[in-house]
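Inside the fold
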Amino acid sequence: MNRAGVFAAALLLAVVAVDAGHAQSSKPGVEKLYILNCGEGVAGDISRWSPGVNEGKSMDFVDTCYLIKHAQGWFLWDTGIPDAVAAMPNGQAPADPKAIYWRRPKTLAAQLDQLGVKPSDIKAMAVSHTHPDHIGNVEMFPAAMLYVQKAEYEWPGPNNAPRFKPEHPVTKLEGDRDVFGDGSMTILSTPGHTPGHQSLLVKLPKTGAVVLSGDAAHFKDNWDNRRVPSINFNKEQTLASMQKLSEILSKEKAQLWINHDKAQRDSLKMSPEFYD
Ligand SMILES: [Zn+2]
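Note that the coordinates shown come from a computational prediction; the quantities given were computed from them, not determined experimentally.

Conventions and cut-offs
- Residues numbered from 1 in each chain as written.
- Predicted model: local features only at pLDDT ≥ 70, side-chain atom pairs only at ≥ 80, totals over all residues.
- Heavy atoms only, no water.
- Disulfide = S-S within 2.5 Å.
- Helix = DSSP H or I, 4+ residues; strand = E, 2+ residues; numbered from the N terminus.
- Salt bridge = Lys/Arg side-chain N within 4 Å of Asp/Glu carboxyl O.
- Buried < 20%, exposed > 50% of the residue type's maximum accessible area, 1.4 Å probe, protein only.
- Pairing = 2+ DSSP bridges.
- Phe/Tyr/Trp six-rings, centres within 6.5 Å; stacked < 30°, edge-to-face > 60°.
- Donors = N, O, S within 2.8 Å, 3.2 Å for Na, K, Ca; no water.
- Tetrahedral: all angles 85-135°; square planar, octahedral: opposite > 155°, others 65-115°.
- Expected span 1.5 Å × (residues − 1).
- Arc of directions from axis to C-beta.
- Contact = heavy atoms within 4.5 Å.
- Polar contact = N/O pair within 3.5 Å; in protein donor to acceptor, adjacent residues only side chain to side chain.

1. Things to note about the state of the cysteines
All told, the structure shown has one disulfide when counted by the stated rule. Covalently, C38 is tied to C65 through a disulfide, its sulfur atoms 2.0 Å apart. Measuring handedness by torsion sign, the sulfur bridge of C38 and C65 sits at about -115 degrees and is left-handed. One end of the pair, C38, is in strand β1 (residues 30-43); the other, C65, is in strand β2 (residues 59-70), with 27 residues separating them in the sequence.

2. Notes on the pattern of salt bridges
Taken as a whole, this structure holds 14 salt bridges when the rule is applied. Linking E31 and K69 is a salt bridge whose minimum nitrogen-to-oxygen distance equals 2.9 Å. Separated by 38 residues along the polypeptide, E31 in strand β1 and K69 in strand β2 bring together distant segments of the chain. In this structure E31 comes out as partly exposed when scored by relative accessible area, which is 27%. A relative accessible area of 26% places K69 in the partly exposed class. A salt bridge links D176 to K244; its shortest N-O distance comes to 2.9 Å. Of this pair, D176 sits in the loop between β7 (170-173) and β8 (177-178) while K244 sits in helix α6 (residues 235-252), and the two are 68 residues apart along the sequence. Residue class for K244 comes out partly exposed when judged on its relative accessible area of 24%.

3. A closer look at the sheet that holds β8
As summarised here, the arrangement of the five strands in space is β8-β9-β10-β11-β12, forming an open sheet in which the pairing is mixed. Looking at the sheet topology across the chains shown, the edges are occupied by β8 and β12 (255-257). As paired strands, strand β11 (residues 208-212) and β12 are joined by three bridges and run parallel to one another. Across the sheet, residue V210 finds its bridge partner in β12, namely Q255.

4. Here's the deal with the packing of aromatic side chains
Inspection of the entire model under this criterion finds nine aromatic pairs. For the pair F61 and F219, a centre-to-centre distance of 5.9 Å together with 80 degrees between the ring planes defines the contact as edge-to-face. Of this pair, F61 sits in strand β2 while F219 sits in the loop between β11 and α5 (220-224); the two residues are 158 residues apart in sequence, bridging distant segments of the chain. Since its relative accessible area comes to 1%, F61 is described here as buried.

5. Concerning the coordination of the zinc ion
Each donor-metal-donor angle in an ideal tetrahedron of four donors is 109.5 degrees, and each such angle in an ideal octahedron of six donors is either 90 or 180 degrees. Taken together, the protein ligands of the zinc ion are D133 (OD), H134 (NE2), D215 (OD) and H260 (NE2), with distances of 2.1 to 2.3 Å. Here the zinc ion is ringed by four donor atoms whose angles at the metal span 87 to 168 degrees, and the overall shape comes out irregular. Of note, the zinc ion draws all its donor residues from one chain, in the sequence arrangement D-H-x80-D-x44-H. Note that D215 is positioned in the loop between β11 and α5 and H260 in the loop between β12 and α7 (262-266), a separation of 45 residues in sequence. H260 shares its class with D215; the two are buried.

6. Some remarks on the pairing of β1
In terms of residue burial, β1 counts as a mostly covered element, since eleven of its 14 residues are buried. As paired elements, β1 and β2 share eleven bridges and run antiparallel to each other. Across the sheet, the residue bridging to N37 is T64, located in β2. In this sheet, strand β4 (residues 100-103) lies alongside β1 in antiparallel orientation, the contact comprising four bridges. Note that in β4 the partner of E40 across the bridge is R103.

7. Structural notes on α6
Side chains three or four residues apart in an α-helix point the same way, a direct result of the helix having 3.6 residues per turn. Taking 1.5 Å of rise per residue, the 18 residues of α6 would be expected to cover 26 Å, and the 26 Å separating its terminal C-alpha atoms lies within 8% of that figure. If you check which residues of α6 are buried, you get T238, S241, M242, L245, S246, I248 and L249. Down the axis of α6, the smallest arc covering the buried residues is 165 degrees, so these residues share one side. Seen from the open side of α6, the exposed residues pointing more than 90 degrees away from its buried face are E236, S250 and K251. Next to the buried residues of α6 lie β9 (185-189), β10 (198-204), β11, α5 and β12. N-cap assignment for α6: the residue whose side-chain oxygen lies 3.0 Å from the backbone N of E236 is N234. The first or second residue beyond α6 is K253, which carries a positive phi of 50 degrees.

Printed below as a string of structure tokens:
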């Protein structure tokens, strides 16, 4: 082979190598996302979430879980109020009448079953934070790796109880985390509502980027007006987290899906339909 021939062959090899690299990076990471009904309720007084605004008004709330199918396995984001509430004829009344009266029209177990997903199929999970309406079914998945911020994990619970069973497998995070290392699912540290509150950026192949914001805001009106509930752990952190999310939403051209916003959830497809 002459010099030009060697050069052409090398160039061809380089092109093939670049192309192979490209094919690898465009392999699907997140394949689809299901929105699950993890509770429905009525808030006694929504000014609990918007101090000074809408005092004494009640409002319907929803509680949402998200099941994500990634090439490396099933991942569950938030677990809702306990499935046991489904068996309570009148639902679960709150200690404070201004808080949320929860019902569970469908169990998480039944919704997984409908999709043919066994609890043991879920290899990894994360919760936005440790309030009871988000961690109610964590122990349905005792072997699933739990991704949680260290600040949340170590936050003493009522009567100093631990937030999770010490034997539950856990990865304690200190900040953002690209869960599968392919950029398709990134946990975002968004403290304020609680010390280690987190959100999730998911990149779906057709739908595009979506941010699951947990309780960074409870409904769209509070998000739009940057209102901070009086029950939040830290007001400045809450506002900073909303700012962080807002920058990510612009940068990623992402949709914002708010866990408890009923009007928004009613506009979205629920499982067994899905987003891909
Ligand atoms: Zn909540």
